[in-house]
Number of protein chains: 2
Amino acid sequence: MMNGLMMHCNLNITSIMQHAMMVHADQEIVSLKSDGVSTHRYTYKAAFKRVAQFAHVLDQLGISFDAKVGTLAWNTHQHMELHYAIPCTGRIYHTINPKLQPAQIKLIILDARDEVLLIEPECVPLLNQFYEEFQSFLKYVIVLGDIQNELMAEFPFQFYEALINIQPECYDWQDIPEQRASGLCYTSGTTGQPKGVLYSHRSTVLHALIMSMNDAVGLHRSSVMMPIVPLYHISAWDMPFNGILCGAKLVWPNQFAGQTEKLVSLMQAENVDISMAVPTIWTAFKEYLSNHPQIKLNLKRAISGGSAAPLALIQSMHALGIQIENGWGMTETSSLGAINRTQIDQKNFETQVIKCGRPVFGMQMQLRHHDGHLLAHDGVQEGILEIRGHTVVHQYIHTSAQQLSRQQAQIEQQTYGQWFDTGDIATIDTHAYMHITDRAKDMIKSGGEWISSVEVENAAMGHPKILEAAVIAVAHPKWGERPLLVVVAKENQTLSHEEMLMYLSNHLHKWSLPSATISVKEIPHTPTGKISKKHLREQYHDYFQQMDAV
Amino acid sequence: MMNGLMMHCNLNITSIMQHAMMVHADQEIVSLKSDGVSTHRYTYKAAFKRVAQFAHVLDQLGISFDAKVGTLAWNTHQHMELHYAIPCTGRIYHTINPKLQPAQIKLIILDARDEVLLIEPECVPLLNQFYEEFQSFLKYVIVLGDIQNELMAEFPFQFYEALINIQPECYDWQDIPEQRASGLCYTSGTTGQPKGVLYSHRSTVLHALIMSMNDAVGLHRSSVMMPIVPLYHISAWDMPFNGILCGAKLVWPNQFAGQTEKLVSLMQAENVDISMAVPTIWTAFKEYLSNHPQIKLNLKRAISGGSAAPLALIQSMHALGIQIENGWGMTETSSLGAINRTQIDQKNFETQVIKCGRPVFGMQMQLRHHDGHLLAHDGVQEGILEIRGHTVVHQYIHTSAQQLSRQQAQIEQQTYGQWFDTGDIATIDTHAYMHITDRAKDMIKSGGEWISSVEVENAAMGHPKILEAAVIAVAHPKWGERPLLVVVAKENQTLSHEEMLMYLSNHLHKWSLPSATISVKEIPHTPTGKISKKHLREQYHDYFQQMDAV
């Protein structure tokens, strides 16, 4: 067979930076300061000078050339800079969610063995208890900000601004092979144990390119994008890469994702026309804007992901002149893998608009019946959603391919190789709109964060009065979903919600605590003896709505 | 160093087809029939059924799995289908310009050794004289159309529609490695001798993806694109791939690129909003629309390439509601590599809008002084334009890298490897707008076709009365440029234009014939003894304008 005779250039993150420097150097990046009011603003050109400066810092500190460099940080220009300085020197950025339970953060850092941690000043107390356990691998902790003398006493911290300040503004960027690892993000997974997804330069650049298409996000030079979704959630759905590749003006809202008034002010001031967040945020937006009809925003598109935005929210936002577009993705798909951008079938608008959307280029999807055969894409048949693509995980870090297709052995002999089993149950209609009908593992998505039902159940089962416990996700007007705990008490025992909470608060992070506990005589079971969550969900699906009504 | 752990999927043309089938199956493709009035229309879904059918044909005819399959064809749905059926079975499509001189077509086919030729019925007489010379490699000639009995007598032709008609509409597409060759296109080059550029699946898919960006072509599902530029010119600037990737409605104008009235009717009927052609076509459009003010078109964007559209044309079209966007590319860059899509610097609109535009993602550009050092991108300094990118030729087929950078040996030791020397002299300004100030090799671009000045000069020098001859490109109101022949006759000899034409018509294709011959006593020379074309161009730059005035 004959190969083409075109140049081989590497699809690396450096090439995004170099393109942006060539054609978008004067574009603006705005970042809300920690006071929640004033802003930091500079150009792409100035940003990439600081990227070069931090690249020198990493070299001079003697950080290994394939080190993992962890971040516990908000949506700021500094955190964005790290998405270039780290991978463009061959190292691996590793975003860590500062809002996780401390024990989980510790676990993730122990697993990744980060040589450097870059942390917000607010995260100092959180980590202080763990440094001794990291001493075999952790070389430096760099606080994102100026020198703070009161911190110096606690730990030999470095300070980001002081470090980069003295460095040259140019760097001799190497041409990194495209298959090299560029970033690491842990998923909460389905067992409650985080698993690391290791992105490559190639997967990152292809994802950024694919997101540029008009049927995906389709930013352009005159777009003003505010990523509300945190950078520690799959790099704010690719915005450091896709946003800069497209030359958009970027507006980073710091840690104020939950403060609607601040977000709205920033949107007004910066003329934001497109944004990304979980449905919980958009619900708060809708309420805020409805209560403040005098506020006029230029926001046209609100990409919503993490869980599907319901029809009522989509319609309310539409009335406010804002189009909510459901997106779908996972840590394992480098964020967005499908998006509900255009409505093909206007007749069925209401059922179509709430779906996850259509696959982006390069994302292949198929539905598999439990018995192994593939199902038709007719919008009716439900099957296990299997995916394949440039931006899909092949295997987790430090693990064998735990969650690859159940039919892996069989499929590997086929032409198209292996598929990734998402663990979701879905339908795909004739226009390729994918709709998730169930989460195979019953995870709870609350306020944009996953809660493992298994973890809560395990904790509840530890209570001496409990015979059986099941946790299900129940729709919640504010948080999207909240965990509902259903228990069977041991004979002659009774148990209140308050008693349960007191017990669980010693074992669980605050937000994982169930919002209600229901004591029943018997929990329904499947024929094979497992708890039938399907039954429970049907029985209690409007439990928090009812509570609200009361 | 650590590699990422994401799936490797091949960037192959098959993946464009499969994505389009999944999400855009119901989109429409329209093709003007050879009567110039009626249209053929079908969906992507129907198109790819025929693609599968022709894939079976290629297999059943026993065509080698890496064969080159030549096409001499117009802008039709059939020719578009070939852009999938051939490469998605691992073979190499090879577009040949039917309007080239027959001797040049022969040369190209002899060089490529096409196993199959797919030709329009009109091309039958053209090729009939050559088949014997092709018999060592050419297995089949397939006429694009239904069976025509009168042709059957001349040669054992096959007929496209009859061949595919009986085939199954599904095909088991293989997953072709991305580095495999997918297509071949010969450039007229700078020496007058055609050179083949061999595209890979990877370069083709990346080009299509990059063209999808809003700062490039940026099509979307509701776009209606009519590629007037022929498919034999770098595959109509990528529209079979980029257009289908984006799910646009495609409108193919058959061989009627030169018939403005037909194009305008088709645009009206199909609601075309974006189109691509050389400036000559747009000049004709402008005149036609100015003379028919009652005609209303939905055309918004006219991408212009091949040579730079002048300011007057851009302004006249703007007055008609149509934005002309200059683009730049070469056969060696897989078509568009820069485009003048947005005006960054409104103060300098008039000087900026006539430039070639800004490089698309992945296209690196640098300017090199003749003495070897790199020049600043300040919009003033002129240097040799060198480029590098995913979609840039590495070497020509059957040749060593004839035209690679003059500093190749030096540069190969650098990080970024070799660059391609375009042979053009250019400036690049601070906003990355590239502007070609001279063609290093003095090619003449007439009506969208290249004419080699060297070829015309060599022919003229064959005339017994000629002492010296120089051919330059002179601006022409209709054709963009036309060749002007400047000669010095031998002592005591005189020579008229008519006499020269009579002689040259035996040696040159009709359109390469100079539009005027000027007899002079002396031709200016450079200090090193070469003809100073710069001088001649200055002296005769408005020659055809003056003639027009007379």
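Residues numbered from 1 in each chain as written. Chains lettered and ligands numbered in written order. Predicted model: local features only at pLDDT ≥ 70, side-chain atom pairs only at ≥ 80, totals over all residues. Heavy atoms only, no water.

Asker: How should the overall build of chain A be read in this particular structure?
Answerer: Helix and strand counts for chain A come out as 18 helices and 25 strands. The C-alpha atoms of chain A give 24 Å as radius of gyration, which agrees with the globular expectation for 550 residues (24 Å, within 12%). For chain A, the spread of C-alpha atoms along the principal axes amounts to about 70 × 60 × 60 Å. Across the 550 residues that make up chain A, the buried fraction comes to 60%. Restricting to contacts in chain A with at least 6 residues of sequence separation, those with at least 24 account for 67%. Taken as a whole, chain A presents about 21,000 Å² of accessible surface, with 51% of it coming from carbon and sulfur. Counting 41 positive and 53 negative side-chain charges, chain A places the averaged centre of each group 2 Å from the other. (Helix = DSSP H or I, 4+ residues; strand = E, 2+ residues; numbered from the N terminus. Rg over C-alpha atoms; globule rule 2.2 N^0.38 Å. Buried < 20%, exposed > 50% of the residue type's maximum accessible area, 1.4 Å probe, protein only. Contact = heavy atoms within 4.5 Å. Areas by Shrake-Rupley, 256 points an atom, 1.4 Å probe, with all protein chains shown as cover. Lys, Arg positive; Asp, Glu negative; His and termini not counted. Charge placed at Lys NZ, Arg CZ, Asp CG, Glu CD.)

Asker: Help me understand the side chain of asparagine 214 of chain B in this model?
Answerer: Inspection of the secondary structure puts asparagine 214 of chain B in the loop between helix H8 (201-211) and strand S10 (224-227). Its relative accessible area of 10% is what places asparagine 214 of chain B among the buried residues. Residue contacts for asparagine 214 of chain B: discarding those within four places in its chain leaves Asn214, Gly218, Leu219 and His220 of chain A together with Arg341 of chain B.

Asker: Is there a simple way to explain the interface of chain A and chain B in this structure?
Answerer: Quoted interface sizes are often the accessible area lost when the parts come together. If you look at the interface, chain A gives 81 residues, while chain B gives 80 residues. Where chain A abuts chain B, roughly 6,500 Å² becomes buried across the two surfaces, and 63% of that area is made up of carbon and sulfur atoms. Taken as a group, Met6, Met7 and Phe361 of chain A account for 14% of the area that chain A buries against chain B, more than any other trio of residues on that side. Where chain A meets chain B, there are two salt bridges. We note a salt bridge from glutamate 178 of chain A to arginine 202 of chain B, for which the minimum N-O separation is 2.8 Å. Our enumeration of links across chain A and chain B arrives at 27 residue pairs in polar contact (both at pLDDT 80 or more). It is helix H1 (residues 13-23) of chain A that provides the largest number of residues to the side of chain A that touches chain B, a total of seven residues. Classifying every residue of the side of chain A that touches chain B by side-chain character gives 39 nonpolar, 30 polar and twelve charged. (Buried area = accessible area lost by both parts, 1.4 Å probe. Salt bridge = Lys/Arg side-chain N within 4 Å of Asp/Glu carboxyl O. Polar contact = N/O pair within 3.5 Å; in protein donor to acceptor, adjacent residues only side chain to side chain. Nonpolar A, V, L, I, M, F, W, Y, C, P; charged D, E, K, R; others polar.)

Asker: What am I meant to see in the sheet that holds strand S6 (residues 140-143) of chain A here?
Answerer: Pairing between the strands of a sheet comes from backbone hydrogen bonds, and it takes one of two forms, parallel or antiparallel. Residues and elements named next belong to chain A. Strand order in the open sheet formed by seven strands is S7-S6-S5-S3-S4-S8-S9, and the pairing between neighbours is mixed. Whereas interior strands pair on both sides, the edge strands pair on one side only; in this sheet they are strand S7 (158-159) and strand S9 (195-200). Sheet analysis places S6 next to S7, joined by two bridges and oriented parallel. Paired with valine 143 across the strands is phenylalanine 159, a residue of S7. Against the sheet, helix H4 (residues 102-112) contacts strand S3 (68-72), strand S4 (92-95), strand S5 (116-119) and strand S8 (181-187), and its axis sits at roughly 150° relative to S8. (Pairing = 2+ DSSP bridges. Axes fitted to C-alpha atoms, helices over the stretch in contact; angles between N-to-C directions.)

Asker: For this particular structure, what's the right way to read helix H16 (residues 497-504) of chain A?
Answerer: Side chains three or four residues apart in an α-helix point the same way, a direct result of the helix having 3.6 residues per turn. Residues and elements named next belong to chain A. The set of residues buried in H16 consists of His497, Met500 and Leu504. Within H16, the buried residues cover an arc of 65° as seen down the axis, which keeps them to one side. Facing away from the buried surface of H16 by more than 90 degrees, the exposed residues are Glu498 and Met502. If you follow the buried residues of H16, they end up packed against helix H15 (453-461), strand S23 (466-476), strand S24 (480-489) and strand S25 (516-519). (Arc of directions from axis to C-beta.)

Asker: Sorry if this is basic, but what is going on with the pattern of salt bridges here?
Answerer: Side-chain pairing between opposite charges can occur once the charged atoms of the two side chains come close. Applying the stated criterion across every chain, the model contains 38 salt bridges over all chains. Note that arginine 50 of chain A is salt-bridged to glutamate 81 of chain A, the shortest N-O span being 2.7 Å. With arginine 50 of chain A in helix H2 (residues 44-60) and glutamate 81 of chain A in helix H3 (residues 77-85), this pair connects stretches of sequence that are 31 residues apart. An identical accessibility class is assigned to arginine 50 of chain A and glutamate 81 of chain A; each is buried. With its nearest N and O atoms 2.9 Å apart, the salt bridge here joins arginine 50 of chain B to glutamate 161 of chain B. Of this pair, arginine 50 of chain B sits in helix H2 (residues 44-60) while glutamate 161 of chain B sits in helix H7 (residues 160-165); the two residues are 111 residues apart in sequence, bridging distant segments of the chain. Connected through shared salt-bridge partners, Glu28, Arg41, Lys249 and Glu270 of chain A make up one network.

Asker: Please clarify how the relation of the copies chain A and chain B should be interpreted in this entry.
Answerer: Each of the two copies of the chain can be brought onto the other by a rotation about an axis and a shift along it. For the pair chain A and chain B, the relating rotation is 180°, the translation along its axis is 0.0 Å, and the fit reaches an RMSD of 0.1 Å. Taken together, the rotation and translation relating the two chain copies correspond to the operation of a two-fold axis. Residue methionine 213 of chain A, judged by its C-alpha, is the member of chain A lying nearest the rotation axis, at 2.9 Å. Counting the interface residues of chain A, we find that 99% of their copies in chain B are interface residues as well, pointing to one common contact surface. (Least-squares fit on C-alpha atoms with pLDDT ≥ 70 in both.)

Asker: Even after reading the chapter, I still don't get the pairing of strand S4 (residues 92-95) of chain B, so can you show me in this structure?
Answerer: On a regular strand, each side chain points to the face opposite its neighbour's, so the side chains alternate between the two faces of the sheet. Residues and elements named next belong to chain B. On S4, burial covers both faces: Ile92 and His94 on one face and Tyr93 and Thr95 on the other are all buried. In this sheet, S4 lies alongside strand S3 (residues 68-72) in parallel orientation, the contact comprising four bridges. Paired with threonine 71 across the two strands is threonine 95, which belongs to S4. Bridging between S4 and strand S8 (residues 181-187) involves three bridges; their strand directions are parallel. What sits directly across from histidine 94, in S8, is leucine 184.

Asker: What is the right way to read the packing of aromatic side chains from this model?
Answerer: Here the distance between the centres and the angle between the planes together describe a pair of aromatic rings. Taken as a whole and assessed by the stated rule, the structure comprises 22 aromatic pairs over all chains. With 5.1 Å between their ring centres and 85° between their planes, phenylalanine 48 of chain B and tyrosine 84 of chain B make a pair best called edge-to-face. Of this pair, phenylalanine 48 of chain B sits in helix H2 while tyrosine 84 of chain B sits in helix H3 (residues 77-85), and the two are 36 residues apart along the sequence. For the pair shown, phenylalanine 48 of chain B and tyrosine 84 of chain B are each scored as buried. By the ring-pair criterion, three or more aromatic residues cluster together here, those being Phe48, Tyr84, Tyr93 and Phe241 of chain A. Over the aromatic face of tyrosine 396 of chain A sits the side chain of lysine 195 of chain A, whose NZ or CZ is 5.1 Å from the ring centroid. (Phe/Tyr/Trp six-rings, centres within 6.5 Å; stacked < 30°, edge-to-face > 60°. Lys NZ or Arg CZ within 6 Å of the ring centre and 35° of its normal.)

Asker: Would you explain the environment of asparagine 128 of chain A in this entry?
Answerer: Residue and element names in this part refer to chain A. Here asparagine 128 shows up in helix H5 (residues 124-128). Judged by its relative accessible area of 29%, asparagine 128 falls in the partly exposed class. Considered as a pair, asparagine 128 and phenylalanine 155 are 27 residues apart in the sequence and their alpha carbons are 8.1 Å apart.

Asker: Whenever I open this one, the environment of valine 57 of chain B confuses me. Can you help?
Answerer: All names here are of chain B. Examined against the element boundaries, valine 57 turns out to sit in helix H2. Residue valine 57 is classed as buried on the basis of its relative accessible area of 2%. Placed 167 residues apart in sequence, valine 57 and valine 224 show a C-alpha to C-alpha distance of 31 Å.

Asker: How do you make sense of the confidence of the model for chain A when you look at a structure like this?
Answerer: When pLDDT is low, close inspection of the predicted coordinates is not appropriate. On average, residues of chain A score 89 in pLDDT, and 93% of them are at 70 or above. A low-confidence stretch, residues 400-416 of chain A stays under pLDDT 50, and its non-local contacts, those more than four residues away or across chains, total 43 contacts. (pLDDT = per-residue confidence, 0-100.)

Asker: Please clarify how unusual backbone geometry should be interpreted in this entry.
Answerer: Most peptide bonds are trans, and most residues other than glycine sit at a negative phi. Residue and element names in this part refer to chain B. Of note in this structure, isoleucine 234 is not a glycine but carries a positive phi near 50°. You can see isoleucine 234 is positioned in helix H9 (residues 234-245). Within the chain, serine 335 stands out as a residue other than glycine whose phi angle is a positive 85°. Tracing the backbone shows serine 335 in strand S15 (residues 335-339). Accessibility expressed as a relative area gives 1% for serine 335, which makes it buried.

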